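Take a look at the letters that make up each chain.
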Amino acid sequence: GVTFVGTINAQGLAEINGTITGEITCNELDIGPLGNINGKIRAKKIIVYGSLMSDVVCEGLLQIRKTGLVSGKLSYSDLDIERGGRFEGDMTNNSR
């Protein structure tokens, strides 16, 4: 698979099916089953089928699918964890 180290800034959808170490800022982030991210993430919507290990700020909906793992410090507005999906760490609801 593909490995990337650095910073990604995307205006629309960022689809990840490889390994990323670094920072991602985007509108929508889709982490596929083979996706593995370790870094700082900021997005309006995140769907996780793979693994996300980092500090995460999700301004809208974060969905952890049955194959997904999120580990780290999470700030979110709306959260949906499918049966089998896993979260490890600290979470803060930032909706007001």
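Structure shown above.
Described in the following lines is the structure provided in the data block. Chains are numbered independently. Their residues run from 1 in the order of the written sequence. Predicted model: local features are reported for residues with pLDDT of at least 70 only, side-chain atom pairs are reported and counted for 80 or more only, and whole-chain, interface and lining totals are derived from all residues. The basis for every side-chain value is the complete set of non-hydrogen atoms in the structure, without hydrogens or water.

1. Regarding the pattern of salt bridges
Okay, step 1: The working definition used for a salt bridge is a side-chain nitrogen of Lys or Arg within 4 Å of a carboxyl oxygen of Asp or Glu. Following the criterion strictly, the structure yields three salt bridges and no others.
Okay, step 2: Linking Glu-59 and Arg-42 is a salt bridge whose minimum nitrogen-to-oxygen distance equals 3.0 Å. Of the two residues, Glu-59 sits in strand E4 (residues 51-64) while Arg-42 sits in strand E3 (residues 36-48), which places them 17 residues apart along the sequence.
Okay, step 3: Summary of the burial criterion: residues with accessible area below 20% of their type's maximum are buried, those above 50% are exposed, and those between are partly exposed, where the area comes from a 1.4 Å probe applied to protein chains only. A relative accessible area of 40% means that Glu-59 is categorised as partly exposed.
Okay, step 4: Since its relative accessible area comes to 40%, Arg-42 is described here as partly exposed.
Okay, step 5: The partner of Glu-82 in a salt bridge is Arg-65, with the nearest N and O atoms 3.6 Å apart. Of the two residues, Glu-82 is situated in the loop between strand E5 (69-81) and strand E6 (86-93) and Arg-65 in the loop between E4 and E5; the sequence distance between them amounts to 17 residues.
Okay, step 6: Exposure remark for Glu-82: the relative accessible area of 30% places this residue in the partly exposed category.
Okay, step 7: Within this structure, Arg-65, Asp-80 and Glu-82 form a network of salt bridges that share partners. Numbered from the N terminus, helices here are DSSP runs of H or I no shorter than four residues, and strands are runs of E no shorter than two.

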